Amino acid sequence: MSSPENEPEDDTAGSAEALPAIAPQLRALRRRASLTLEAAARAAGLSPAHLSRLETGQRQPSLPMLLALARIYGTTVSELLGETVTDRDAVVRAADMEPTAAGGWTYFQAGAPGRGMQALRVQVPYGSQGDIVRVHPGEEWLHVLRGRLRLRLGDTTHRLAPGDSAHFDSLTPHRIAAQDPGGVELLFVHTLLQSPTATLCLGPTPGETP
């Protein structure tokens, strides 16, 4: 669920205004991690030109791209978005959860930044990114709140109803899609790898241009 593998390059051109802080943050965090544009793009399975467009605000990154770049830079999606918290409270209030749209999904930060895990509440519309296969180190846990989810792990497809959960090694190729036209809402927790130089994605499939 968290790798930009097979990600289409056109992430809603012209909609970068939705995430005004992310372009300078992406560049600053890459430099803090002592990574060149080419090295960071290669680790994320992107072309250097595409990453450059993300850093200059010409493209809006999807949620999978944000998750992958956060791992590569040894940070969290919250920091990529420029969100700062002066004191990491144990409790996150519903009124404080601001929605963020990325790659067709809407997600809410359900946990404090800077932790070893990241918790999100995610809304996945029907037909959104269901063909994207993701592979990356770590573990993922998800729990369906509303709607029905189609989860493909390797060669096996699972259909999850409200109340169902899945916990898996995210090196297993996986896809997530809403099964019903009404979409699906889920809780999602994943581990964060803190090494900024780790190679985290397997890159685009042959013939794909990120």
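Below or above, wherever it landed, is the structure these notes cover. These numbers come from a predicted model, not from an experiment.

Across five bridges, strand E5 (residues 149-153) lies against strand E6 (residues 156-160) in antiparallel orientation. When the bridges of E6 are listed, Leu149 appears paired with Leu160. What sits between E5 and E6 in their antiparallel hairpin is a turn of two residues, with Gly154 showing a positive phi close to 60°.

Let's shift gears to the packing of aromatic side chains. The tally for this structure, following the rule as stated, stands at zero aromatic pairs. For Arg121, the ring lying beneath its charged end belongs to Phe108, and the centroid distance is 4.2 Å.

The next thing to look at is the sheet that holds strand E8 (residues 174-178). Across a sheet, strands are paired by hydrogen bonds formed along the backbone, either parallel or antiparallel in direction. The strand order across the open sheet formed by three strands is E6-E5-E8, and the pairing between neighbours is antiparallel. Looking at the sheet topology across the chains shown, the edges are occupied by E6 and E8. Averaged over neighbouring strand pairs, the angle between their axes works out to 20° when direction is ignored.

This brings us to the pattern of salt bridges. Tallied over the full model, the rule gives four salt bridges. Two residues, Arg121 and Glu185, come together in a salt bridge whose shortest N-O distance is 2.8 Å. Placement of the pair is Arg121 in strand E3 (residues 117-124) and Glu185 in strand E9 (residues 184-191), with a sequence separation of 64 residues. In this structure, Glu185 and Arg146 form a salt bridge, with 3.6 Å as the shortest nitrogen-oxygen distance. Taken together, the residues span a long stretch of sequence, with Glu185 in strand E9 and Arg146 in strand E4 (residues 139-146) at a distance of 39 residues. With a relative accessible area of 13%, Glu185 lands in the buried category. Overlapping salt bridges bring together Arg121, Arg146 and Glu185 as one network.

What counts and how
- Residues numbered from 1 in each chain as written.
- Predicted model: local features only at pLDDT ≥ 70, side-chain atom pairs only at ≥ 80, totals over all residues.
- Heavy atoms only, no water.
- Pairing = 2+ DSSP bridges.
- Helix = DSSP H or I, 4+ residues; strand = E, 2+ residues; numbered from the N terminus.
- Phe/Tyr/Trp six-rings, centres within 6.5 Å; stacked < 30°, edge-to-face > 60°.
- Lys NZ or Arg CZ within 6 Å of the ring centre and 35° of its normal.
- Axes fitted to C-alpha atoms, helices over the stretch in contact; angles between N-to-C directions.
- Salt bridge = Lys/Arg side-chain N within 4 Å of Asp/Glu carboxyl O.
- Buried < 20%, exposed > 50% of the residue type's maximum accessible area, 1.4 Å probe, protein only.

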